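Each chain, written out:
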Amino acid sequence: MKKCLLSCMILLIGASMFSATAQEIEYPGIKVSITEFGYPLIPNASQFDIQIPMWRGLWSDKTPELKFDVWYRAISPYFLPDIFFEVGIVPSINLLKEGKSKLFIGFGTAYSQTSEHISVPAIIPIEYRYAPFDFMDFNLSVQNMIYGEGLLSELILSTSFHPVSDTISIEVGGSANVAFSWEEQYVQYSYGILLGLGYRF
Amino acid sequence: MILKYLLIFVMVLTFASCGPVPLERLGLVNLSVSAEQRSARSFSTNDRSIRATAITDDQYFKEERKVANRGSRLYQLTPESFILDIDNIVVYKKNGSEDYLIHELMQKTTNPYGAIIPQHYDLVHAKGITRDALVQNSIYNGLSISFLPGGRFGSNGLLSSTTNDGFYVLSSAGIELPTEYDDVTLDGEFQGIEGLHSGLRYFSFKSLQPIEINNGNLKYLTIGSDITENWVQNPNGEFGEWVSPLISTTGNSVALYLASDSSIDVSAYKNPELLLNWDMQDLVEIWDNGTPSDLRDDIVTFKVSDPFPVSLVIREKSIKKGTSSDITAPSNVNIAAIAGQNTMNTLQWINPRDEDFKEVSIIRKAGGAPSDPTDGEEVYRGHIPNYVDVSGISGTHYYYLIQTVDYSGNYSSGVVLDQVQP
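Not measured: the values here are computed from a predicted model. (Residues numbered from 1 in each chain as written. Chains lettered and ligands numbered in written order. Predicted model: local features only at pLDDT ≥ 70, side-chain atom pairs only at ≥ 80, totals over all residues.)

Tallying secondary structure elements over chain A gives one helix and twelve strands in all. Going residue by residue from the N terminus, the α and β elements of chain A occur as α-β-β-β-β-β-β-β-β-β-β-β-β. Evaluated residue by residue, chain A yields a buried proportion of 29% over its 201 residues. (Helix = DSSP H or I, 4+ residues; strand = E, 2+ residues; numbered from the N terminus. Buried ≥ 20, exposed ≤ 12 C-beta atoms within 10 Å, placed from the backbone.)

This is the structure in structure tokens:
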């Protein structure tokens, strides 16, 4: 596991070192992706994600860049909702207007259900993207989820490749979670790897 | 204007957020551990059994239990009770040569001085040794248990009252001996604990286990698929360092490793439960020690051909729910005892074998026994079979009413313990 995380770090740091010129990362179109999470290594969670961009300049030059993320996540490698599932939506706005980087911050919510409980969190995600090459970009995101009885933060560090064309992407990376409950006074954590496959229409 | 409405939206959503943190989202799953006696035929096709390999090597056995010295086998007996004083249970996953991902499963009780109060469990049937411990939803290489082997005897043959930390250690097997032993006290036998079943004879785990450990103290049991040094680690009980999946430490304890060819895969279950099956069938043997006419020196031991017949079954936990039609009170706790040290009273017991046992309630009253659950102050409610009361006043005579509660809300008649708090 340590080796996997180290490899991801080297890959991401290496990518930023070789970026020669600033490029505008333009991703038109709706992107759908599926991601398998392994906590810590064996695939045991899956996510289906739809990303809907709303482009700067669509109506005028001053229109801010927005995107919507809608997802379904299940604690099952096969998307089965038996143990846990979550559906969520988060609109985000890009705070970096120029260059090859984007910094999205958003606010949204989700509905999650386990065999015993239903929870509805407020979600504040912060996502940094950096695209040194046309065929690769990396992503650092922190998804902060505020529940009625506690907090959950998910850190994702990943790299996306576009080996064939811009429409298809492969994402590899790592994920770490920390949960704190002020109601039951505990701190829990987990970590794992992720592998995703995306298609942009 | 947009910012103002956005801020209102954010505040409303934040305040409207509800519910507990779903730890399942972290890839965690609730894992329980129980113990039960089951025949091989009673396992369903969905249960997955992990059988520890049998131990047959004679070289590590206590001197009188080696083939050349133990004489003839007289009896094979099945214990009616098998108590283990458990300190901790973990599942582990091997990441590297000495790198383990470890999840502790037990909810431990400690006294104010940091000593872990062991939990008595009768492995013939113990529901919910651990309940809903959160572990990563994954495949594990094994399970490790640390326990206290017991065997503290006074010169009179009675079990020494308590340890220096102020609690009882009862790891033992309760056996119905043949009548010819009615007037004979055998080596390793103990008496003197209130609540012991009068029809049974109790032998400490330390004396029953056949491994020669010199100054060591057999107190770790590990069942794992990655155990390369299976059998006994540190058999001479030397002080020094060794590595166990459970703990890396120094000391003179001895760890017993049982190899398995299967891993523990909890990922296929919604509410996985590990069922510890310590096979009691003919577990205890009596050997004549080479003197057929003398009963007093007979050896009572775990069966020397397979002294630790332990297996694990992974299965879907059955969720217990009460019914309004159930008005049967659960059984009382067993072998309830009170001890103490300095400014605390330590209570220990064994939970009943009732299938619908949920928890224990303890009512405390000073100066006299509580007559019912409303007569006094409830100081404990839970399924862990011990309680350390540090809230009392030294010199006060406290009475504790210990009642069991089932999932239908029925209370047992209760057991009363009392002690002047040290």
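Moving on to the environment of Phe-190 of chain B. Residues and elements named next belong to chain B. Mapped onto the fold, Phe-190 is located in strand S13 (residues 189-190). Note on Phe-190: 23 C-beta atoms within 10 Å, which makes it buried. Between the C-alpha atom of Phe-190 and that of Gly-151, which follows or precedes it by 39 residues, the distance is 8.3 Å.

Here the focus is the domain arrangement of chain B. Residues and elements named next belong to chain B. Segmenting chain B into domains produces domain 1 (28-316) and domain 2 (334-420). Contact residues are listed per partner, giving 25 residues for domain 1 and 22 residues for domain 2. Among the elements of the structure, strand S8 (119-122) and strand S9 (125-136) are those that each provide at least two residues to the side of domain 1 that touches domain 2. For the side of domain 1 that touches domain 2, the element with the highest residue contribution is S9, accounting for five residues. Split by residue class, the side of domain 1 that touches domain 2 holds nine nonpolar, eleven polar and five charged. (Domains from an automatic or database assignment. Contact = placed C-beta atoms within 7 Å. Nonpolar A, V, L, I, M, F, W, Y, C, P; charged D, E, K, R; others polar.)

With that settled, consider unusual backbone geometry. Although it is not a glycine, Phe-79 of chain A sits at a positive phi angle of roughly 65 degrees. You can see Phe-79 of chain A is positioned in the loop between strand S3 (66-74) and strand S4 (84-94). At Asp-132 of chain B, a residue that is not glycine, the phi angle is positive and equals roughly 55 degrees. Position of Asp-132 of chain B relative to the elements: it lies in strand S9.

Residue and element names in this part refer to chain B. Grouped together as the largest cluster of nonpolar side chains are 108 residues, with contacts concentrated most on Leu-256, Ile-264, Leu-312 and Ile-402. Per-element tally for this core: the top contributor is strand S4 (residues 81-94), with eight residues. Each of domain 1 (28-316) and domain 2 (334-420) accounts for three or more of the residues forming this core. (Core = buried A, V, L, I, M, F, W, Y, C linked by C-beta atoms within 7 Å.)

The next subject is the environment of Pro-112 of chain B. All names here are of chain B. Relative to the helices and strands, Pro-112 is located in the loop between strand S6 (109-110) and strand S7 (116-117). Taking the number of C-beta atoms within 10 Å as the measure of exposure, Pro-112 has 11 and is therefore exposed. With 276 residues separating them along the chain, Pro-112 and Val-388 place their C-alpha atoms 8.9 Å apart.

The next subject is the interface of chain B and chain A. Each partner contributes residues to the interface: chain B has 25 residues there, and chain A has 36 residues. Those elements that place two or more of their residues in the side of chain B that touches chain A are helix H1 (2-16), strand S1 (28-36) and S9 of chain B. Ranked by the residues each element gives to the side of chain B that touches chain A, the list is headed by H1 of chain B, at three residues. Within the side of chain B that touches chain A, the residues separate by chemical class into 13 nonpolar, nine polar and three charged.

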